[in-house]
Amino acid sequence: MNRTRTDHLPALDGLRGVAILGVLLFHAGHLGGGFLGVDLFFALSGYLITDLLLREVRVSGTVSLTAFWGRRARRLLPALAALLVAVTLLTWALGDADLWRSALSDGPWVQANLVNWHLLGESAGYWEGFGAGRVFGHLWSIAVEEQFYLVWPVVVLLVARRAVRAGRAEQADRARQTESWVAWIAILVSLASLALMLLLVDPADTTRVYTGTDTRAFSLMLGALVATGPARRALERLAGRGAGAVLVLLVAALAALWWVADGEASPWLFQGGLFAHSLIAALVVVLCVQAPGSMVARALSLRPLRALGLVSYSLYLWHWPVYLLLSEERLGLTGWPRTAIICAVSIALAALSTALVENPVRFRAGWARGRSGLVAFVATMTALALFWVVVPRPAVADVDAGAVTSGGSLPGSGAGAELSTVLLMGDSIAVGEALPLDAAMTASGLTLESMASDGGGGVVGPLAESTWAELPAVIASAEPDVIVYQITTYDWGTEQEQRAGYERLVRTAADVGAELVIVPFPPIRPDEFYAPHMDELDRTDEVARDVAAGSGGQAVFLDSTAVWGDTYQRERDGNSDRSADGIHTCQQGAARFTGWLLDELARRYSGFVPAAPEEWVDAGWAGDDRFKGC
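Novice: Break down the overall build of the protein chain for me, with residues and values.
Specialist: Counting secondary structure elements, the protein chain contains 24 helices and seven strands. Taken over the C-alpha trace, the protein chain has a radius of gyration of 28 Å; the compact-globule value for 630 residues is 25 Å, and the two agree within 12%. For the protein chain, the C-alpha atoms occupy an extent of roughly 90 × 50 × 45 Å along the three principal directions. Buried residues in the protein chain amount to 55% of all 630 residues. If you sum the accessible surface of the protein chain, you get close to 26,200 Å²; carbon and sulfur atoms cover 59% of it.

Written out as structure tokens, the structure reads:
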């Protein structure tokens, strides 16, 4: 129980093995709470890095930032750089335009250690297929850790220097003072991070608080806390000889959380549940160090878990690209057979990466240290930056302007007022349609404001609250003449709830002098997520049509069957009209919808002449990364 140093402990390798196994099973769809393995990684990293830094303070009284960052670069960069180049070239060779495009979009941000913020900026919902279509989407957690590696050593160094200025004569006293202050900082940062999560969480999409560095810092800081002397001594007093029994209870709690957690469907995770899990994980880590002979520590030291743990970094890097590249369609397999192949391929690649890339640079390459190491680092980063510039890009889809019915030469015959600003509302389908709509309306002399939202955007159903909270400010800023609401695939609820939502939107538009135009979403091919709600969604058109008819001219329902047909249709006239995901539109379909909507608006507003499709179909929007599965 007096162990104060973290020498190489087999149990910690085993914990890494458990963490990566949970992540693998989660992404394969076999363990709903397996994503919590990332939190276990965070707690481990927080503990190990802080223990390393504090040991250096005890010995030298300071922290060498260059030495620390050099070790981190040798540990992380070689395998990461190899992955970025190999996966990008592989997606190119396989001709998978969606994955290829995502690699080119996200790769530079991975290199910059900022990919989590990049994905948030692009509204890439983590829980929507766990970043499906983004081969580097899983690297958000690596970015969080690397940001921690950049900041935390500086904090510890400043604290160590503050202890020197405090006048402590003995180095041991200064080290104890440093550890005490580091413990308090870890506590305060953890609580602040938890408070931010509680403050910023959006029930409609928890991606922001799940992948944001500020709201996940507590997972790392709790690991850092238990690495400090005060925390370790407190645990020794509390656990005493019962550390082994406490470990059993803590591991049982972790297992229960992994079993019951179900991502975004478990709101308690973002109301303190993740904090509790991270605290338990941190306690498991430090007790495994303090009681290496306990039953739990011995179980974690078993060779299979240790073997997974020793390749866990490369395995984490490779497993998600392998999962996407070895799709059900490509393999012709589903379920456990596909999972077995994905795991086997991922482990093989991880073993090769560890043996041929990671370990040689980390342990044996003398040139990777000192000035030559700095030169190698700069050269690698420069080469990667050039790689993103020179690597080929996927061809931009051609949009057939002749298949877009829009752009009459005469003004519309409607008697409505002049049209200048249109506000678009809807879900991720409308987000894609907003791209050609913006180009077409700009070419037509109109302004488009869009508040269409990924994973939400509706005025009825489980995600409506955030839309209603945002809408007043958007309307006040845009001052629209027309509000176009495309019914969302989340407009779930009873007929009365749907009617109330649409009637409220009619009143909201009327209050600001805008006309409401309601259009249905295109027919979808429902997956297991939408299938339970199809009766509710099939009713939305009828309810919205009835609301518009009874609005006294404040709203109109426009039937877009002429654009999409009555059922989901992948291709039309030889062009990809709809995404292979069965939900979204492709460039051609979005362009046809744009032409149709502009023609409908021209019929209602005198003086409005839609621009010809030739003026906007080639305006660059068709190359946007949003169009996937086309």
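Novice: So what's going on with the packing of aromatic side chains? Which residues, and what values?
Specialist: One pass over the structure, following the stated rule, counts 17 aromatic pairs. Feature note: the residues Phe-26, Phe-35, Phe-42, Trp-140 and Tyr-210 constitute an aromatic cluster, connected by ring pairs. When the ring centre of Tyr-323 is taken as reference, the NZ or CZ atom of Arg-338 above it lies at 4.3 Å. Sitting above the plane of the Trp-564 ring, Arg-578 keeps its charged end 5.5 Å from the centroid.

Novice: Describe the packing of helix 2 (residues 37-60) against helix 6 (residues 140-165), with residues and values.
Specialist: Running from amino to carboxyl end, helix 2 crosses helix 6 at an angle of 25°, the nearest separation of the two axes being 11 Å. Considering the angle they form, helix 2 stands roughly parallel to helix 6. Every pair of crossing elements has a handedness; the one defined by helix 2 and helix 6 is right-handed. Where helix 2 abuts helix 6, its residues Val-38, Phe-41, Phe-42, Ser-45, Gly-46, Ile-49, Thr-50, Leu-53, Leu-54 and Val-57 lie against Trp-140, Ser-141, Val-144, Glu-145, Phe-148, Tyr-149, Trp-152, Pro-153, Val-156 and Ala-160. Residue composition of the contact of helix 2 with helix 6, by class: 15 nonpolar, four polar and one charged.

Novice: How would you sum up helix 19 (residues 428-443)? Please name residues and give values.
Specialist: Here helix 19 spans 24 Å end to end across 16 residues, near enough to the 22 Å set by a 1.5 Å rise per residue. Taken as a whole, helix 19 carries its principal kink of about 35° at Ala-434; the proline Pro-436 stands between one and four residues after it. The buried fraction of helix 19 amounts to 12 of the 16 residues, a majority that puts the element mostly inside the structure. Those residues of helix 19 that fall on the buried side of the exposure criterion are Ser-428, Ile-429, Ala-430, Val-431, Gly-432, Glu-433, Ala-434, Pro-436, Leu-437, Ala-439, Ala-440 and Met-441. On its buried face, helix 19 is in contact with strand 1 (421-425), strand 2 (447-450), strand 3 (482-486), helix 23 (561-564) and helix 24 (587-604). With a side-chain oxygen lying 3.1 Å from the backbone nitrogen of Ile-429, the N-terminal cap of helix 19 falls on Asp-427. Backbone geometry just after helix 19 places Gly-445 at a positive phi near 85°.

Novice: Explain the environment of Tyr-126 to me, using residue names and the numbers behind them.
Specialist: Locating Tyr-126 in the fold gives a position in the loop between helix 5 (115-121) and helix 6. Of the residues examined, Tyr-126 reaches a relative accessible area of 9% and is grouped as buried. Sequence separation between Tyr-126 and Gly-263 is 137 residues, and the spatial gap between their C-alpha atoms is 9.7 Å.

Novice: Quick one: what's the story with empty space enclosed by the protein, residue by residue and with numbers?
Specialist: Taken as a whole and judged by the stated rule, the model has three cavities of 30 Å³ or more. Here the largest cavity is characterised by a volume of approximately 40 Å³. Lining of the largest cavity is provided by Leu-24, His-27, Ala-28, His-319, Tyr-323, Thr-339, Ile-342 and Cys-343. Elements supplying a minimum of two residues to the lining of the largest cavity: helix 1 (10-27), helix 15 (312-325) and helix 17 (335-364).

Novice: Outline the nonpolar core, listing residues and values.
Specialist: Counting 123 residues, the largest nonpolar core has Leu-15, Phe-136, Leu-139, Trp-152, Tyr-210 and Leu-317 as its most contacted members. Among the elements that make up this core, the one with the highest residue count is helix 12 (residues 273-290) (12 residues). Not counting residues up to four positions away in its chain, the partners in contact with Phe-136 are Leu-83, Leu-84, Val-87, Thr-88, Ala-103, Asp-106, Gly-107, Val-110 and Trp-388. Counting residues in hydrophobic clusters, the runner-up holds 40 residues, among them Ala-430, Ala-439, Val-482 and Leu-601.

Novice: I'd like to hear about a negative patch on the surface, residue by residue, with values.
Specialist: Together, Asp-398, Glu-614, Glu-615 and Asp-618 give the surface a local cluster of negative charge. Mapped onto the elements, Asp-618 comes out in the segment after helix 24.

Basis of the calculations
- Residues numbered from 1 in each chain as written.
- Predicted model: local features only at pLDDT ≥ 70, side-chain atom pairs only at ≥ 80, totals over all residues.
- Heavy atoms only, no water.
- Helix = DSSP H or I, 4+ residues; strand = E, 2+ residues; numbered from the N terminus.
- Rg over C-alpha atoms; globule rule 2.2 N^0.38 Å.
- Buried < 20%, exposed > 50% of the residue type's maximum accessible area, 1.4 Å probe, protein only.
- Areas by Shrake-Rupley, 256 points an atom, 1.4 Å probe, with all protein chains shown as cover.
- Phe/Tyr/Trp six-rings, centres within 6.5 Å; stacked < 30°, edge-to-face > 60°.
- Lys NZ or Arg CZ within 6 Å of the ring centre and 35° of its normal.
- Axes fitted to C-alpha atoms, helices over the stretch in contact; angles between N-to-C directions.
- Parallel < 35°, antiparallel > 145°, perpendicular 65-115°, else oblique.
- Left-handed = near helix turned anticlockwise from the far one by under 90°.
- Contact = heavy atoms within 4.5 Å.
- Nonpolar A, V, L, I, M, F, W, Y, C, P; charged D, E, K, R; others polar.
- Expected span 1.5 Å × (residues − 1).
- Bend = angle between axes of the 7 residues up to and from the residue.
- Polar contact = N/O pair within 3.5 Å; in protein donor to acceptor, adjacent residues only side chain to side chain.
- 1 Å grid on protein atoms, 1.4 Å probe; cavity = no way out; pocket = protein on both sides within 12 Å on 5 of 7 lines; lining within 4 Å.
- Points joined across faces, edges and corners; volume = space filled by probe spheres on them.
- Core = buried A, V, L, I, M, F, W, Y, C linked by side-chain atoms within 4.5 Å.
- Patch = residues over 30% accessible without salt bridge, like charges linked within 9 Å, V, L, I, M, F, W, Y side chains within 5 Å.
- Salt bridge = Lys/Arg side-chain N within 4 Å of Asp/Glu carboxyl O.
- Lys, Arg positive; Asp, Glu negative; His and termini not counted.
- Charge placed at Lys NZ, Arg CZ, Asp CG, Glu CD.

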